[in-house]
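Residue-level listing of the chains:
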Amino acid sequence: MSTLITNIAELMTQDLEQRVLRDAAVVIDGERIAWIGAAGSAPAADDAVDAGGRAVLPGWVDSHTHLVFAGDRTAEFEARMAGESYSAGGIAVTMDATRRTSDFDLTRLAIGRVAEALSQGTTYIETKTGYGLDAEHEARSARIASTIADEVTYLGAHLVPAGSDADAYTEEVCGPMLDAVRPYASWADVFCEEGAFSEAQSRRVLQACRDAGLGLRVHGNQLGEGPGVRLAVEFGAASVDHVNYLSDGDVAALAGTWSGWDPAAGTGTRGTVATCLPACDLSTRQPLAPGRRLLDAGVQLALASNCNPGTSNTSSMAFCVATAVLQMRLSVHEAVRAATYGGALALHRDTGHDDDGERAVGSLAVGHRADLHMLNAPSATHLAYRPGMPLTYAVWRAGVRER
Ligand SMILES: N=CN[C@@H](CCC(=O)O)C(=O)O
Ligand SMILES: [Zn+2]
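I will try to describe carefully the structure that is included in this document.

Rules behind the numbers
- Residues numbered from 1 in each chain as written.
- Chains lettered and ligands numbered in written order.
- Predicted model: local features only at pLDDT ≥ 70, side-chain atom pairs only at ≥ 80, totals over all residues.
- Heavy atoms only, no water.
- Pairing = 2+ DSSP bridges.
- Helix = DSSP H or I, 4+ residues; strand = E, 2+ residues; numbered from the N terminus.
- Axes fitted to C-alpha atoms, helices over the stretch in contact; angles between N-to-C directions.
- Buried < 20%, exposed > 50% of the residue type's maximum accessible area, 1.4 Å probe, protein only.
- Donors = N, O, S within 2.8 Å, 3.2 Å for Na, K, Ca; no water.
- Near = heavy atom within 4 Å.
- Polar contact = N/O pair within 3.5 Å; in protein donor to acceptor, adjacent residues only side chain to side chain.
- Nonpolar A, V, L, I, M, F, W, Y, C, P; charged D, E, K, R; others polar.
- Phe/Tyr/Trp six-rings, centres within 6.5 Å; stacked < 30°, edge-to-face > 60°.
- Lys NZ or Arg CZ within 6 Å of the ring centre and 35° of its normal.
- Contact = heavy atoms within 4.5 Å.
- Salt bridge = Lys/Arg side-chain N within 4 Å of Asp/Glu carboxyl O.

1. Some points on the sheet that holds strand E5 (residues 60–62)
And then number 1: Strand order across the open sheet formed by 8 strands is E5-E6-E7-E8-E9-E10-E13-E14, with parallel pairing between neighbours. This sheet does not close on itself; its edge strands, each paired only once, are E5 and strand E14 (301–303). On average, each strand axis in the sheet is inclined to that of its neighbour by 25°, with strand direction left out of account.
And then number 2: Direction of pairing for strand E8 (residues 187–192) relative to strand E9 (residues 215–220): parallel, over a ladder of 4 bridges.

2. Concerning the pairing of strand E1 (residues 2–12)
And then number 1: Burial analysis of E1 places 8 of its 11 residues in the buried class, the great majority of the element.
And then number 2: In terms of strand pairing, E1 meets strand E2 (residues 20–29) through 8 bridges, oriented antiparallel. The partner of Ser2 across the bridge, within E2, is Asp29.
And then number 3: Bridge analysis of E1 against strand E4 (residues 47–58) gives 7 bridges, and the strand direction is parallel.

3. Digging into the sheet that holds strand E15 (residues 372–375)
And then number 1: What the 7 strands build is an open sheet, ordered E3-E2-E1-E4-E15-E16-E17; its pairing is mixed. The strands lining the two open edges of the sheet, one partner per strand, are strand E3 (32–38) and strand E17 (400–401).
And then number 2: Where strand E16 (residues 392–397) and E17 come together, 2 bridges link them in antiparallel fashion. Looking at E17, one finds that Trp396 is bridged to Arg401.

4. Points about the coordination of the zinc ion (ligand 2)
Think of it this way: four donors in a tetrahedron around the metal ideally sit 109.5 degrees apart, and six in an octahedron ideally sit 90 or 180 degrees apart.
And then number 1: Around the zinc ion (ligand 2), the protein supplies His64 (NE2), His66 (NE2), His219 (NE2) and Asn306 (OD1) as donor atoms, at distances of 2.0 to 2.6 Å.
And then number 2: The motif formed by the donor residues of the zinc ion (ligand 2), counted along the single chain, is H-x1-H-x152-H-x86-N. In terms of burial, His64 and His66 fall into one category: buried.

5. Some points on the site of ligand 1
And then number 1: Lining the immediate surroundings of ligand 1 are 16 residues, of which Tyr86, Tyr131, His158, Gln222 and Thr311 lie closest.
And then number 2: Between ligand 1 and the protein, one listed contact pairs an oxygen atom with a side-chain N or O atom of Arg73 at 2.8 Å.
And then number 3: Its residues assigned to classes, the shell around ligand 1 shows 5 nonpolar, 10 polar and 1 charged.

6. Some remarks on the packing of aromatic side chains
And then number 1: By the definition in use, this model includes 3 aromatic pairs.
And then number 2: Taking 6.3 Å as the distance between ring centres and 70° as the angle between the ring planes, the aromatic pair formed by Phe69 and Tyr131 counts as edge-to-face. Of this pair, Phe69 sits in the loop between E5 and helix H1 (74–81) while Tyr131 sits in the loop between strand E6 (122–128) and helix H4 (135–148), and the two are 62 residues apart along the sequence. Tyr131 matches Phe69 in its accessibility class, with the two residues each being buried.
And then number 3: Pairing Tyr169 with Phe197 gives two aromatic rings, centres 6.2 Å apart and planes at 35°, and the pair type is tilted. With Tyr169 in helix H5 (residues 166–174) and Phe197 in the loop between E8 and helix H7 (199–211), this residue pair connects regions lying 28 residues apart in the sequence.
And then number 4: The class of Phe197 is buried, set by a relative accessible area of 1%.
And then number 5: The ring of Tyr393 has Arg54 lying over it, and the distance from NZ or CZ to the ring centre is 3.7 Å.

7. Quick word on unusual backbone geometry
And then number 1: Its identity is not glycine, yet Asn221 carries a phi of approximately 55°, on the positive side.
And then number 2: Within the element layout of this structure, Asn221 appears in the loop between E9 and helix H8 (228–234).
And then number 3: Take Asn221: its relative accessible area is 1%, and that puts it in the buried class.
And then number 4: Located in the positive-phi region is Arg285, a residue other than glycine, with phi close to 55°.
And then number 5: Here Arg285 shows up in the loop between helix H10 (278–283) and helix H11 (291–296).
And then number 6: In this structure Arg285 comes out as exposed when scored by relative accessible area, which is 53%.

8. Examining the environment of Thr340
And then number 1: Tracing the backbone through its elements, the reader meets Thr340 in the loop between helix H13 (332–339) and helix H14 (341–346).
And then number 2: Taking relative accessible area as the criterion, Thr340 reaches 0% and is therefore assigned buried.
And then number 3: Note: C-alpha distance between Thr340 and Gln14 (326 residues apart in sequence) is 7.7 Å.
And then number 4: Setting aside chain neighbours within four positions, we find Thr340 in contact with Gln14, Pro58, Gly59, Trp60, Val61 and Gly362.
And then number 5: In this structure the side chain of Thr340 is engaged in a polar contact, spanning 2.7 Å, whose partner is the backbone oxygen of Val336.

9. Topic: the side chain of Asn306
And then number 1: Structurally, Asn306 can be placed in the loop between E14 and helix H12 (317–326).
And then number 2: If sequence neighbours within four positions are ignored, Asn306 has contacts with Asp62, His64, Thr65, His66, His242, Leu277, Cys280, Thr311 and Ser312.

10. Details of the pattern of salt bridges
And then number 1: Throughout the structure, instances matching the rule amount to 23 salt bridges.
And then number 2: For the salt bridge of Asp189 with Lys128, the shortest nitrogen-to-oxygen distance reads 3.1 Å. Here the residue Asp189 occupies a position in strand E8, and Lys128 occupies one in strand E6, the gap between them amounting to 61 residues. Per residue, the accessibility class of Asp189 equals that of Lys128, and both read buried.
And then number 3: Note that Glu171 is salt-bridged to Arg204, the shortest N-O span being 2.8 Å. With Glu171 in helix H5 and Arg204 in helix H7, the pair connects residues that are 33 residues apart, well separated along the chain.
And then number 4: Note on Glu171: relative accessible area 39%, which makes it partly exposed.

Keep in mind that these numbers describe shape and distance, not what the molecule does.
In structure tokens, the structure reads:
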């Protein structure tokens, strides 16, 4: 079954050439993109959709969320808006609520969050554990996550639960908890920050998780300059996320990780993506991550929602893109790229064609997965020009029209 989508005013491919086509068309065949080009030379298909002069871009790739949780933290948010500062301790409130919630309800809540994200154009999503914080509950969160998200990250090293010794807990994260979670996760993460895990503890977690065959990610440099970025680079992590407080050395180190990577050809070794989380920055009243500075230095950038009940209770990638343009001084094309291709790069899902097991996501090219986001607007510029407006008009995920 093939579908021709034609009369596209602006087709932002985010492919390797970063092409933006006017008066364009796309043919979807099954789960793959079969053809892209000028509307006037499009081949016939079984079915046709008239885009009516709207814009089409890749579905969002949200590479950083925490969707398996129960409860909310409205009171903490209100206190923050009244002047309190964010600290990692609030995670314990969500841990309590999450542990008390049944499998059925936890799954139902997480499914609802994924559905909300999909309805806003997110077609590929990562999510983390991190609100279970013992072997039983972390494994349960990972199992549920594996049924609702595309990528699962183990974040047992999110907070040391009250009453636990930090080093003893770190050993648990690296031992029984890791064993229990391993069947469900392909990534591991650590919150390397004052009040969470120290450099030595983070190093221990990264080493153990790498030895267990997990890809690595780091929550780093969120609340102050610290070792997070350095560790991420040292361990060849796929991403370091938050990156609000960066030294010149951090920025240079991140840029340096991309020297063996040829983005035009998509060949070589990927470095460490810097993932900016603008909705979180606003909700915690932190200075925005320096996206412009990172891009100018040659760092590969992702934008993600960081949807979670503590610091960023939104899955709106459009909001992140608008903020990145309006406040972080990215161009619309750069912001959309970071929220699509950048997320795919951070999840190692940026490549893959017909012969590979997995199709690339986050960019529109022949053979890639047909994840498309049609806006009710003639160009992607409207994402920033009309911030907060419901611009998602249609969504295809792996070739299936979801909205
Ligand atoms: N910073 C660490 N973890 C989450 C927040 C978790 C929470 O406060 O519940 C984040 O990415 O912002
Ligand atoms: Zn996070």
